[in-house]
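# Report on the structure
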Amino acid sequence: AERKKKVAAVIEEVERTLATPTALLRGISDALVLEMERGLRGDIHSQLKMLISYVDNLPTGDEHGLFYALDLGGTNFRVLRVQLGGREKRVVKQQYEEVSIPPHLMIGTSLELFDFIAAVLAKFVDTEGDEYHLPVGRQRELGFTFSFPVNQLSISSGTLIKWTKGFSINGTVGEDVVAELSKAMERQGLDMKVTALVNDTVGTLAGGRYMDNDVVAAVILGTGTNAAYVEHANAIPKWTGLLPKSGNMVINTEWGSFKSDKLPLSEYDKALDFESLNPGEQIYEKLISGMYLGEIVRRILLKLAHDAALFGDVVPAKLELPFVLRTPDMSAMHHDASHDLKILGSKLKDIVGVADTSLEVRYITRHICDIVAERGARLAAAGIYGILKKLGRDKVPADGSPMPRTVVALDGGLYEHYKKFSSCLEATLSDLLGEEASSSLVAKLANDGSGIGAALLAASHSQYA
Ligand code: ADP
Ligand code: MG
């Protein structure tokens, strides 16, 4: 009975400190919009970098030819080739390959990482079949999706601001990542030119727009989280170049670094942040994204084990290990709909090393997954709502004109695979928008849109165009 009381007390405290009532979400959206505006002004204190992508035109559908793309952004990296057939034939053929990044390369040297990538790419190019056509005398061209914050210098160059998402490599910050990649390709004897350097959000936006003309923003919910959207060039005070003909500029918000007193930070979040590779940074990301959700759940379970003997008198040693509970496992536990929570039980056995958990312990575990996932999804929805507000697409126009159809392209393993997360996000977004505005909003999965998007941007920025 004493144990039960303690369990209830911890859970109650978790529920309270992780709560995200709708009014709080609205406040968070407003704070985000203010930070977006500060970032666009170039205020040095702004948390959001609001990076200028140099993409002032999104794909039209007329792109044609053979293009490659490379996507480096998290646990996996992908290489892709596509034969584009213009307006009529669209994507004639595409192939991709996915390779997971050996963990030691994520904390090794820049040289090793880029050599590894270029080697995989070179091997992939060797398998190019007859269906792909490169006009005689031309160099192959590549769109490079690089999902870390970059100070873009042009559409095809940019320097790394910092690593995130568990990458920590000496000697890359401040370097032009396209130059690094190009040198590595040369070392591999690969004759290929990088014509576009894009963030994955920008790639997803481009890929999304190619599929649907009403796409105005893209959001990534994977290992990390980020968003990009189409801004009016004249609403970017820090942009000192010529106004682009289109009048538009794609902005990479780098919203993962958003921080606000309004964000519901619990003791678990603070400890996670403190012990992370980048303390004090990427706070919004640490509440939302796939790299961290499972880890937050682990920390809460550990507290329950310590304070309330959730798993018996001894605290399971495995539960002390940071990151042993991964978000895909959390998702599997959360989705267990069997009457005895059998899947959840066997996950606990595998991960925590406790066999024969009681049904009560399993229910508690699932409830913790629910609280953590729900908070992440609701905060992500608040972010999207903020962008829609910034775009003036959050409510029915005051002049009585019809609400324009608005599409947000979403991608990333978290959004794609964690059903309870994505449905909570969508429900929350509808709730924030209200019935009328939400009826013209479409959240669309742009599966691997960033790869094709990068290839499309490589095409529109081809040296031969
Ligand atoms: P990245 O963000 O690394 O480029 P992805 O978009 O593929 O790659 O996202 C991978 C991330 O998505 C994983 O780190 C994991 O956190 C999350 N994820 C993958 N599968 C699932 C799943 N079944 N349930 C919940 N999260 C998942
Ligand atoms: Mg990715």
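Refer to the structure presented above.
Residues numbered from 1 in each chain as written. Chains lettered and ligands numbered in written order. Predicted model: local features only at pLDDT ≥ 70, side-chain atom pairs only at ≥ 80, totals over all residues. Heavy atoms only, no water.

### Section: the state of the cysteines
- Overall, the coordinates contain zero disulfides when judged by the stated rule.
- Take Cys-369: it sits in no disulfide, and the sulfur closest to it among the cysteines is that of Cys-424, at 14 Å. (Disulfide = S-S within 2.5 Å.)

### Thoughts on the sheet that holds strand 4 (residues 91-100)
- Overall, mixed pairing links the five strands, which are arranged 4-3-2-5-8 in an open sheet. Since the sheet does not close on itself, it has two edges, and those belong to strand 4 and strand 8 (192-198), each with one partner. When strand polarity is set aside, the average angle formed by the axes of neighbouring strands in this sheet is 20°.
- Across five bridges, strand 2 (residues 64-72) lies against strand 5 (residues 140-146) in parallel orientation. Directly across from Leu-72, in strand 5, lies its bridge partner Phe-146.
- With respect to the sheet, helix 7 (residues 200-211) is in contact with strand 3 (76-85), strand 4, strand 5 and strand 8, its orientation differing from that of strand 8 by roughly 95°.
- Strand contacts of helix 17 (residues 449-460): strand 2, strand 3, strand 4, strand 5 and strand 8, with the helix running at about 130° to strand 2, the strand carrying the most contacts. (Pairing = 2+ DSSP bridges. Helix = DSSP H or I, 4+ residues; strand = E, 2+ residues; numbered from the N terminus. Axes fitted to C-alpha atoms, helices over the stretch in contact; angles between N-to-C directions. Contact = heavy atoms within 4.5 Å.)

### As for the nonpolar core
- The biggest cluster of nonpolar side chains holds 85 residues, and the ones touching the most others in it are Leu-221, Leu-304 and Phe-421.
- Of all the elements, helix 13 (residues 359-390) adds the most residues to this core, at 16 residues.
- Leaving out residues up to four positions away in the same chain, Leu-304 has contacts with Val-7, Val-10, Ile-11, Ala-309, Leu-310, Ile-364 and Ile-368.
- The next biggest cluster of nonpolar side chains, apart from the first, holds 37 residues, and it includes Tyr-68, Ile-117, Phe-144 and Ala-184. (Core = buried A, V, L, I, M, F, W, Y, C linked by side-chain atoms within 4.5 Å. Buried < 20%, exposed > 50% of the residue type's maximum accessible area, 1.4 Å probe, protein only.)

### Digging into the sheet that holds strand 11 (residues 248-252)
- What the six strands build is an open sheet, ordered 1-11-10-9-12-13; its pairing is mixed. Only two strands of the sheet have a single neighbouring strand rather than two, namely strand 1 (51-52) and strand 13 (441-445).
- When strand 10 (residues 225-232) meets strand 11, the two strands line up antiparallel, connected through five bridges. Within the sheet, the bridge partner assigned to Tyr-229 lies in strand 11 and is Ile-251.
- Against the sheet, helix 7 touches strand 9 (215-221), strand 10, strand 11 and strand 12 (406-411), its axis set at about 135° to strand 9.

### Some points on the pairing of strand 9
- Of all seven residues in strand 9, seven are buried, a share of seventy percent or more.
- Note that strand 9 and strand 12 share five bridges and pair parallel. Bridging from a neighbouring strand, Ile-220 pairs with Asp-411 of strand 12.
- In the sheet, strand 9 pairs with strand 10 via five bridges, with the strands oriented antiparallel. Counted as the bridge partner of Ile-220 is Asn-226 from strand 10.

### With respect to the pattern of salt bridges
- With the rule as written, the count across this model stands at 26 salt bridges.
- Each of Asp-212, Asp-214, Arg-405 and Lys-444 takes part in a single network of salt bridges with overlapping partners. (Salt bridge = Lys/Arg side-chain N within 4 Å of Asp/Glu carboxyl O.)

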